[in-house]
Amino acid sequence: MAEYEGLGDENLITLIAHGDKDALESFYERYSTQVFSLARFMLRNEAIAEEITQEVFLALWQKASTFNPKRGSPKGWLMSVTHHRVIDHVRAAKRARDSTDRMAKDLSSLQPVYQVHTEEEAYRSMDRQEVVKALETLPEAQKTVILMSYFEGYSQSEIAEILNQPLGTVKTRLRLGMQKLRAMFNRSATP
Amino acid sequence: MMDCRHVEDIIPAYALDALEPEEGRRVEEHFEGCDWCSGLVRTHLEVAATLSLAAEQKPPPKRVLAGIVKRAVPVQAEPAAPPPQPYAPQRRRPATILAAFLYAAAPIALLLLGGVLAFTLRTSGQMGDLQQTNDVLTRQVSDLQQDNDALSGELSQLMDENSRMAAQVSKLNDDSSMVSEMSEKVNRLSEENTVVTAEVTELVSGNKTLSQQMDALTVSGRELLEFLRMQRAITYMLTLPNTMAMNLEAQPGAEAQGSLMLNFDREWGIFVATGLPLLPATHQYDIWMSAGDREYYVGALAIDETGWGVAYLAPDHAMAEYQWIGVTVEFKTASPRPSRSGEPVLWGSLALVAPLYP
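Anyway, here's the lowdown on the structure attached to this text. Since the structure is predicted, the reported quantities are computational estimates derived from the model, not experimental observations.

About the cut-offs
- Numbering of residues begins from 1 in every chain and follows the order in which that chain's sequence is written.
- Each chain is given a letter, starting from A, and each ligand a number, starting from 1, according to the order in which they appear as written.
- Local features in a predicted model are, by the rule used here, given only for residues with pLDDT of at least 70; side-chain atom pairs are given and counted only at 80 or more, and totals for whole chains, interfaces and linings are based on all residues.
- Computation of side-chain values covers all heavy atoms of the structure but excludes hydrogens and water.
- Note on geometry: axes are C-alpha line fits, over the in-contact stretch for helices, and angles between N-to-C directions span 0 to 180 degrees.
- Only DSSP runs of H or I reaching four residues or more are called helices, and only runs of E reaching two or more are called strands; each is numbered from the N terminus.
- If an angle is under 35 degrees, it is roughly parallel; if it is over 145, roughly antiparallel; if it lies from 65 to 115, roughly perpendicular; otherwise it is oblique.
- Any pair of residues with heavy atoms lying within 4.5 Å of one another is described as a contacting pair.
- We call Asp, Glu, Lys and Arg charged. Ala, Val, Leu, Ile, Met, Phe, Trp, Tyr, Cys and Pro are nonpolar, and the rest, Gly among them, are polar.
- Cysteine sulfur pairs qualify as disulfides if the two atoms are within 2.5 Å.
- Residue burial is assigned from relative accessible area. The probe radius is 1.4 Å, only protein chains are included, and a residue is buried under 20% of its type maximum, exposed over 50%, and partly exposed in between.
- Patch membership is restricted to residues that have no salt bridge and whose relative accessible area is over 30%. Joining uses 9 Å for like charges and 5 Å for the nonpolar side chains Val, Leu, Ile, Met, Phe, Trp and Tyr.
- For the accessible areas, the method is Shrake-Rupley and the probe is 1.4 Å, while residue cover comes only from the protein chains on display.
- What counts as a salt bridge is simple: a side-chain nitrogen of Lys or Arg found within 4 Å of a carboxyl oxygen of Asp or Glu.
- In this scheme, a crossing is called left-handed if the near helix is turned counterclockwise away from the far one by less than a right angle; it is called right-handed if the turn is clockwise.
- Summed over both partners, buried area is the accessible surface (1.4 Å probe) that two parts give up on being assembled.
- Two N or O atoms form a polar contact when they lie within 3.5 Å of each other; inside protein one atom must be a possible hydrogen donor and the other a possible acceptor, and for residues adjacent in sequence the pair counts only when both atoms belong to side chains.

## Some remarks on the packing of helix α1 (residues 9-17) of chain A against helix α4 (residues 74-96) of chain A
Residues and elements named next belong to chain A.
No. 1: Following both chains from N to C, one finds α1 and α4 inclined at 65°, their axes separated by 9 Å at the closest point. Put simply, α1 runs roughly perpendicular to α4. Side by side, α1 and α4 meet where Asp9, Glu10 and Ile13 of the first sit next to Pro74, Lys75 and Trp77 of the second.
No. 2: Looking at the contact of α1 with α4 residue by residue, the classes come out as three nonpolar, no polar and three charged.

The structure is reproduced here in structure tokens:
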């Protein structure tokens, strides 16, 4: 396994596409925490999060040969697949819920879900602290639509309906918020 | 078909999975033929991936990896996608490019040179990665070749083992046939043995009966010989010239009679009794003789079913020393009794003996 540590993500994907299980384990070591954490965070259910983590990496194992680097990095692809699967679960659960209950959801409950709880945890996940800091710098309206879409799984139309805002306004807030995050993340990534 | 301007507007929502499913599919169709928009979505997917770090980070339990490794069965590898290439916007703005070319030909040349240099360095880095990947794959091929050689050896051994086992199975089949034949023989012998055992049991029973009959005949023969011996002794005594004789007395009313013949020269005598009652199996008749003040047991008197009995007398002392003779009824014992317990049923004084031939 140590021989894989120096390999880039794309090389690992190539090896996985050739059926190398060690490469799959190495890739798992790199990103399983992020995959599992996102699923656990969005679903509030560890058991389903474990299941989704397994599904995501098994999908990677089976579909590694279809990876297209033009469309993103392996990590971006992996997290996109993860998010898609979580969203599927979230939306299926939402369909089962009463729509009025959904409409009455207190948006303020979104706030604590991404807060850093302890000093130790903050030290352990500096990247996370930076992401949270970046989110906090966004205008409240942009932050809300991004959180609702990415972490709660609402579509733009649903957000417009819940917030009682025109769909165009929601789209604009999403686009502007993402552009700002992109700029901030690039600055953070620059040494 | 969506145009690039519209797609650019909704790419952030696509990266966040916030589009409606149908709209998302149409955007993906657009990506297939548009490198420019594919490059844009790549950037936004990176933003979304980074955004996921806002979730509290916690590693999954170890069983998750175990489950993946267990379920990750080998798949037929499809041709891998080519390595990533730098993407370029598909949209062209001819006027802008021409102006840039006219006003900045020299800088562009320098930039191209730098670009070539950078591309060379990047390609060199990728070559390094590919070389590393190739090394890993080469080692894996070598490992697989070794595994294959080892498996071939094992297969050869297994085939040899299989041949040996087949031969053993064939031999066992033959043995099984022999065992079946032996089993049939054993069954036949068992049936014959049952018949023979019944016959032997019958013979043993017959033999027992014969033995009992022979025992009875032996007893009868012994008794007959004793009777003949007594008859011969009586006859002999009757022939002797100095034989003495006397009759014994019986209890009043009894039918019993007794006679005694003595020969003082030869110190022996014969006692004869008739009409004695039959006794139960627990009792017998005993003969007693007295000398001085003592009585001596002389012997038992056996009688037949008619009450007739003969006894040969050869006492320890000289005949002349005895004064009295009698017969009593006693319990049967294995050893000579020291004294009589009952009164005599026959008795007589030896003083009464008289010559048989005066």
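More follows now that the structure is in view.
## Looking at the state of the cysteines
Should the sulfur atoms of two cysteines be covalently bonded, the bond is a disulfide.
All names here are of chain B.
No. 1: According to the stated counting rule, one finds zero disulfides over all chains in the structure shown.
No. 2: The closest cysteine sulfur to the non-disulfide-bonded Cys4 is located on Cys34, 3.6 Å from its own sulfur.
No. 3: According to the relative accessible area criterion, Cys4 is buried, its value standing at 13%.

## A look at a nonpolar patch on the surface
No. 1: Taken together, the side chains of Leu224, Leu225, Phe227 and Leu228 of chain B make up a nonpolar region of the molecular surface, amounting to roughly 400 Å² of accessible area.
No. 2: Along the polypeptide, Leu225 of chain B turns up in helix α6 (residues 105-239).

## What about the packing of helix α1 (residues 4-15) of chain B against helix α3 (residues 35-51) of chain B?
A pair of packed helices is captured by two measures, namely the crossing angle of their axes and the spacing between those axes.
Residue and element names in this part refer to chain B.
No. 1: It is the contact of α1 with α3, at a shortest axis distance of 9 Å, that shows an interaxial angle of 20°. Taken together, the axes of α1 and α3 are roughly parallel relative to one another. The crossing of α1 and α3 is right-handed. Each of Cys4, Val7, Glu8, Ile11, Pro12, Tyr14 and Ala15 in α1 lies in contact with α3, whose residues at this interface are Trp36, Cys37, Leu40, Val41, His44, Leu45 and Ala48.
No. 2: Here the contact of α1 with α3 is composed, by residue class, of 12 nonpolar, one polar and one charged.

## Some points on the interface of chain A and chain B
No. 1: Of the residues lining the interface, 72 residues belong to chain A; the matching set on chain B comes to 65 residues.
No. 2: Roughly 6400 Å² is buried in total at the junction of chain A and chain B, and carbon and sulfur atoms are behind 60% of that figure.
No. 3: For the pair chain A and chain B, the number of links is two salt bridges.
No. 4: At the surface where chain A touches chain B, the tally comes to 22 residue pairs in polar contact (both at pLDDT 80 or more).
No. 5: If you tally residues by element for the side of chain A that touches chain B, the top one is helix α2 (residues 21-43) of chain A, at 13 residues.

## As for α1 of chain A
All names here are of chain A.
No. 1: With seven of nine residues buried, α1 lies mostly within the body of the structure.
No. 2: Listing the buried residues of α1 in full gives Asp9, Asn11, Leu12, Ile13, Leu15, Ile16 and Ala17.
No. 3: Within two residues after α1, Gly19 carries a phi angle of roughly 85°, on the positive side.

## Looking at unusual backbone geometry
In terms of backbone geometry, most residues other than glycine have negative phi values and most peptide bonds are trans.
Residues and elements named next belong to chain A.
No. 1: Unusually for a residue other than glycine, Arg44 sits at a positive phi of about 55°.
No. 2: Mapped onto the fold, Arg44 is located in the loop between α2 and α3 (46-63).
No. 3: With a phi angle near 55°, Asn164 is a residue other than glycine that sits in the positive phi range.
No. 4: One can find Asn164 in the loop between α10 (156-163) and α11 (167-189).
No. 5: Residue Asn164 is classed as exposed on the basis of its relative accessible area, which comes to 69%.

## Brief notes about the pattern of salt bridges
No. 1: Tallied over the entire structure, the rule returns 13 salt bridges over all chains.
No. 2: Notably, a salt bridge pairs Lys58 of chain B with Glu46 of chain A, separated by 2.7 Å at the nearest N-O pair. Placement of Lys58 of chain B in the loop between α3 and α4 (62-71) and of Glu46 of chain A in helix α3 is noted, with the two residues assigned to different chains.
No. 3: With a relative accessible area of 30%, Glu46 of chain A lands in the partly exposed category.
No. 4: Across the pair Arg25 of chain B and Glu22 of chain B runs a salt bridge whose closest N-O atoms are separated by 3.2 Å. Placement of the pair is Arg25 of chain B and Glu22 of chain B together in helix α2 (residues 21-32), with a separation of three residues, close to one helical turn.
No. 5: Using a relative accessible area of 47% as the deciding quantity, one classes Arg25 of chain B as partly exposed.
No. 6: Among the ionic contacts, a cluster of salt bridges with common partners joins Arg40 and Glu46 of chain A together with Lys58 of chain B.

It is worth stressing that arrangement in space is one thing and function is another; only the former is reported here.
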